[in-house]
Amino acid sequence: LACFRRAVALDSNRAESWLCQGRARLRLWQYNEALQDALEGLRWAVRRDEFGQLYILCGEIYSAMMMAPKALEAFDQGLSYTPKAPQLWRAKGQLVQKMGMPREAQECFAKAIEYDKLDSQAWQLLGDAFRAQDKPKRAHEAYAEALKLDPRSAETWAAYGQCQLVLGRSKEAQGSFEAALK
């Protein structure tokens, strides 16, 4: 945090400096200060990607503060600047999933994958959204894609195994659970 404070002190009119300091403060649970940094960064932002990154940060801060409507608004504002940003679609999907809307979350994760087919996290989250909708076969397929991209994800192996159990593939599920434990 001290390094980011120094960067802001040296060049306070760069959005990137405020973004980095805000991210650091968010990780330290300094939500109000992080939000102030993000808003200051928005004052200095020039490029679309800067706006997108700063709105992701605002959304993450509002999510951490349990202010879901404000977080959703921030993600939507970010998407208005960078509509093809998989990171924003994934973040919005995670929030919508937490709000109990798995169908809408599924759409967000599908958008994230559309813009970055190699995003293993988006594939895993898509599987979670399908599971929440009681669609184990589609979830199984999404987890399989996630595991192709990141075969070391214990969480994905465990979810994959759970789908296999639901689909009546207990022998395969055992192998998945063993892979999760490795």
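Here, the structure is the one placed above.
Reading guide: rules and limits
Residues numbered from 1 in each chain as written. Predicted model: local features only at pLDDT ≥ 70, side-chain atom pairs only at ≥ 80, totals over all residues. Heavy atoms only, no water. Helix = DSSP H or I, 4+ residues; strand = E, 2+ residues; numbered from the N terminus. Expected span 1.5 Å × (residues − 1). Buried < 20%, exposed > 50% of the residue type's maximum accessible area, 1.4 Å probe, protein only. Arc of directions from axis to C-beta. Contact = heavy atoms within 4.5 Å. Phe/Tyr/Trp six-rings, centres within 6.5 Å; stacked < 30°, edge-to-face > 60°. Disulfide = S-S within 2.5 Å. Salt bridge = Lys/Arg side-chain N within 4 Å of Asp/Glu carboxyl O.

Q: So what about helix H7 (residues 102-115)? Which residues, and what values?
A: Taking 1.5 Å of rise per residue, 14 residues should cover 20 Å, and H7 covers 20 Å from first to last C-alpha, within 8% of that figure. Among the residues of H7, Pro102, Ala105, Gln106, Cys108, Phe109, Ala112 and Ile113 are the ones counted as buried. The buried residues of H7 occupy one face: seen down the axis, they fall within an arc of 165°. Tucked inside the fold, the buried residues of H7 contact helix H6 (86-98), helix H8 (120-132) and helix H9 (136-149).

Q: Which residues make up the packing of aromatic side chains, and what values do they have?
A: This model, assessed by the stated rule, comprises 3 aromatic pairs. Look at Phe51 and Tyr81: their rings are 4.3 Å apart centre to centre, the planes differ by 5°, and that puts the pair in the stacked class. With Phe51 in helix H4 (residues 48-64) and Tyr81 in helix H5 (residues 68-81), the pair connects residues that are 30 residues apart, well separated along the chain. Consider the rings of Trp157 and Tyr160, whose centres lie 5.9 Å apart with planes at 75°: the pair is edge-to-face. One end of the pair is Trp157 and the other is Tyr160, both in helix H10 (residues 154-166) and 3 residues apart, which spans about a single turn. When sorted by exposure, Trp157 lands in the same class as Tyr160, which is buried.

Q: For the state of the cysteines, give the residues involved together with the corresponding values.
A: Inspection of every chain in the model, using the stated rule, returns 0 disulfides. Cys108 forms no disulfide, and the closest cysteine sulfur to it belongs to Cys58, at a distance of 18 Å. In this structure Cys108 comes out as buried when scored by relative accessible area, which is 5%.

Q: Can you break down unusual backbone geometry residue by residue, with the values?
A: Phi at Trp29 is positive, roughly 65°, even though this residue is not glycine. Position of Trp29 relative to the elements: it lies in the loop between helix H2 (15-27) and helix H3 (31-44). When its relative accessible area of 68% is taken as the criterion, Trp29 is described as exposed. One non-glycine residue with positive phi stands out, namely Met66, at about 60°. Residue position: Met66 is located in the loop between H4 and H5.

Q: Report on the side chain of Lys92, specifying residues and quantitative values.
A: Within the secondary structure layout, Lys92 lies in helix H6. If we skip the residues at most four places from it in the chain, Lys92 touches Leu72, Phe75, Asp76, Leu79 and Cys108.

Q: I'd love a proper account of the pattern of salt bridges, names of residues and values included.
A: Tallied over the entire structure, the rule returns 12 salt bridges. Residue Asp37 is joined to Arg25 by a salt bridge in which the shortest nitrogen-to-oxygen separation is 3.0 Å. Note that Asp37 is positioned in helix H3 and Arg25 in helix H2, a separation of 12 residues in sequence. Across the pair, Arg25 and Asp37 agree in class, each one buried. Three or more residues are tied together by salt bridges with common partners; here these are Asp11, Arg14 and Glu16.

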